[in-house]
Amino acid sequence: MSPIPVTRSHGLEALELVSPDGARATLLLHGAHLVSWVPAGGEEQLYLSPTSAFATGQAIRGGVPVIFPQFNARGPLQKHGFARNKPWQLVSAEVGKDDALAVLRLTDDGATRMVWPHQFEAEISIRVSGRTLEMELACENRGEAPFSFAAALHTYLRLTSAMSASLQGLSGLAYWDSVDQRAGTQHEDLLRLDGSELDRIYQDLKDTLILRDADRRLRIAQQGFSDVVVWNPGEVKGAQFSDMPADGYRQMLCVEAAQVLQPVTLAPGESWAAMQVLALE
Ligand SMILES: O=P(O)(O)OC[C@H]1O[C@@H](O)[C@H](O)[C@@H](O)[C@@H]1O
């Protein structure tokens, strides 16, 4: 085991995870935000907006934002909760025999207790090895009263061409369509984009998803998260973002391992953990 030093990336404190087999990832301490993942022998798999802000207290457009303890505007907190805007603490970062692993932690402080009066400890573990990326999010109730939260790993996948990419594995699932504000059921085997906004929370995902884009196949699995959010802003909304180029929506698709429709409730001392695993075939 050899320790990974804290360096800088995009002007912020960062860990460069490099596994002995050549897999790489860049993890910022700001938001515990993964901004790059390059599997061994492969290319960059994450979309990161070239016009994103990279500054303390601001959200980053792209990579893997950690959404906690609220999803979107489904509650009184700031959109997607505060975790993505906070500095996380380094717990450990090491290169092993065949992987590189980093663990970061976020605990409550005066500012979080002002808006969310709970004592918690959240941890994210990022592991790269070969053609696989494992991201685990955990949370423990360190207080004396129960609390509930929502969470997601808001993964922005980089696409060569969003209009010809497809996502397989959602067939038969019920979803909430956040654009049309209605419930629906997925009938098509392959989900494709057509340039309009797509924003759905699929419920009770059991299968592994397969993203096909040009000649690449990426397997997307999750454990402990029951929902998967699939989001692309489309042409109209995409053009309105100040932190993404107007055609950025053509180069990304968010596939977010999420716990939204049924928030997690933890009794004092209880903990929860869930993960998303990406594997390039
Ligand atoms: O612009 P933000 O706050 O990063 O959110 C991006 C998107 O995140 C997705 O998870 C939501 O389903 C969308 O509704 C939302 O627009």
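None of these values were measured; they are calculated from a predicted model.

Time to look at the overall build of the chain. Of regular secondary structure, the chain possesses two helices and 22 strands. For the chain, the C-alpha radius of gyration of 18 Å lies close to 19 Å, the compact-globule estimate for 281 residues. Seen through its C-alpha atoms, the chain measures out along the principal axes to roughly 45 × 40 × 35 Å. In the chain, once contacts between residues fewer than 6 apart in sequence are set aside, the share between residues at least 24 apart is 65%.

Around the ligand, the neighbouring residues are Ala 59, Asn 72, Lys 79, His 80, His 154, Ser 178, Asp 199, Val 229, Trp 231 and Glu 256. Of the residues that constitute the shell around the ligand, the class distribution is three nonpolar, four polar and three charged.

We now examine the sheet that holds strand 5 (residues 33–38). On the basis of which strands lie adjacent, the open sheet formed by four strands has the order 2-3-4-5 and antiparallel pairing. Of all the strands in the sheet, the pair left with one neighbour each is strand 2 (6–9) and strand 5. In this sheet, neighbouring strand axes are inclined to one another by 35 degrees on average, regardless of whether the strands run parallel or antiparallel. As defined by bridge partners, strand 4 (residues 24–28) adjoins strand 5 across five bridges and the pair is classed as antiparallel. Opposite Ala 25, over in strand 5, you have Trp 37 as the bridge partner.

Each regular strand displays side chains that alternate between the two surfaces of the sheet. With respect to burial, strand 20 (residues 227–232) is a largely interior element, six of its six residues being buried. Neither face of strand 20 is exposed, since Asp 227, Val 229 and Trp 231 on one face and Val 228, Val 230 and Asn 232 on the opposite face are all buried. Taken together, the five bridges between strand 17 (residues 198–202) and strand 20 define a ladder with antiparallel strand orientation. Its bridge partner being in strand 20, Arg 200 is matched across the sheet by Val 230. Pairing of strand 20 with strand 21 (residues 252–266) involves five bridges; the strand directions are antiparallel.

What follows deals with the environment of Gln 89. Secondary-structure assignment places Gln 89 in strand 7 (residues 89–95). We classify Gln 89 as partly exposed; it has 13 C-beta atoms within 10 Å. Not counting chain neighbours up to four residues away, the residues in contact with Gln 89 comprise Leu 104 and Arg 105.

This brings us to the sheet that holds strand 16 (residues 190–192). Overall, antiparallel pairing links the 10 strands, which are arranged 1-7-8-9-10-22-19-18-13-16 in an open sheet. Each having just a single partner strand, strand 1 (2–3) and strand 16 make up the two edges of the open sheet. The pairing of strand 18 (residues 209–213) with strand 19 (residues 216–223) spans five bridges and is classified as antiparallel. From the neighbouring strand, Ile 210 faces strand 19, where its bridge partner is Arg 219.

As a further point, take unusual backbone geometry. Along the chain, Phe 68 connects to Pro 69 via a cis peptide bond; the corresponding omega equals 0 degrees. Assignment of secondary structure puts Pro 69 in the loop between strand 6 (66–67) and strand 7. With a phi angle near 50 degrees, Ala 214 is a residue other than glycine that sits in the positive phi range. Structurally, the position occupied by Ala 214 is in the loop between strand 18 and strand 19. Among the residues examined, Ala 214 registers 10 C-beta atoms within 10 Å and is labelled exposed.

Residue placement: Ala 183 occurs in strand 15 (residues 182–185). Each C-alpha atom of the pair Ala 183 and Arg 200 lies 9.2 Å from the other, and the pair is 17 residues apart in sequence. If we skip the residues at most four places from it in the chain, Ala 183 touches Ala 174 and Trp 176.

So, on to the nonpolar core. Leu 157, Val 230 and Val 255 are the most contacted members of the largest nonpolar core, which has 76 residues in total. Dropping the residues within four chain positions of it, Val 255 is found in contact with Thr 155, Leu 157, Leu 167, Leu 209, Leu 211, Ile 220, Val 228 and Val 230.

Attention shifts here to the pairing of strand 17. Counting buried positions along strand 17 yields four of five residues, so the element is predominantly enclosed. Direction of pairing for strand 14 (residues 174–177) relative to strand 17: antiparallel, over a ladder of three bridges. Bridged to Asp 177 within strand 17 is Arg 200.

The rules we used
Within each chain, residues carry numbers counting from 1 in the order of the written sequence. Residue-level local features of this predicted model are given only where pLDDT is at least 70; pairs of side-chain atoms are given and counted only at 80 or more, and the full residue set underlies all totals for whole chains, interfaces and linings. In DSSP terms, a helix is any run of H or I states spanning at least four residues, a strand is any run of E spanning at least two, and both are numbered starting from the N terminus. Throughout, the radius of gyration refers to the C-alpha atoms, and the reference size of a globule is 2.2 Å times the residue count to the power 0.38. In this description, a residue-residue contact is defined by the distance between C-beta atoms placed from the backbone, which must lie within 7 Å. Near, as applied to residues and a molecule or strand, means the residue's backbone-placed C-beta atom lies within 6 Å of it. Each residue is assigned to one of three groups, with Ala, Val, Leu, Ile, Met, Phe, Trp, Tyr, Cys and Pro labelled nonpolar, Asp, Glu, Lys and Arg labelled charged, and all others, Gly among them, labelled polar. In this analysis, strands are considered paired if DSSP registers two or more bridges between them. To get an axis, a line is fitted to the C-alpha atoms, and for a helix only the part in contact is used. The angle between two axes follows their N-to-C directions and goes from 0 to 180 degrees. Exposed residues have 12 or fewer other C-beta atoms within 10 Å of their own C-beta, buried residues have 20 or more, and partly exposed residues fall in between, where C-beta atoms are placed from the backbone. For our purposes the nonpolar core covers buried Ala, Val, Leu, Ile, Met, Phe, Trp, Tyr and Cys residues that link as a set through C-beta atoms within 7 Å.

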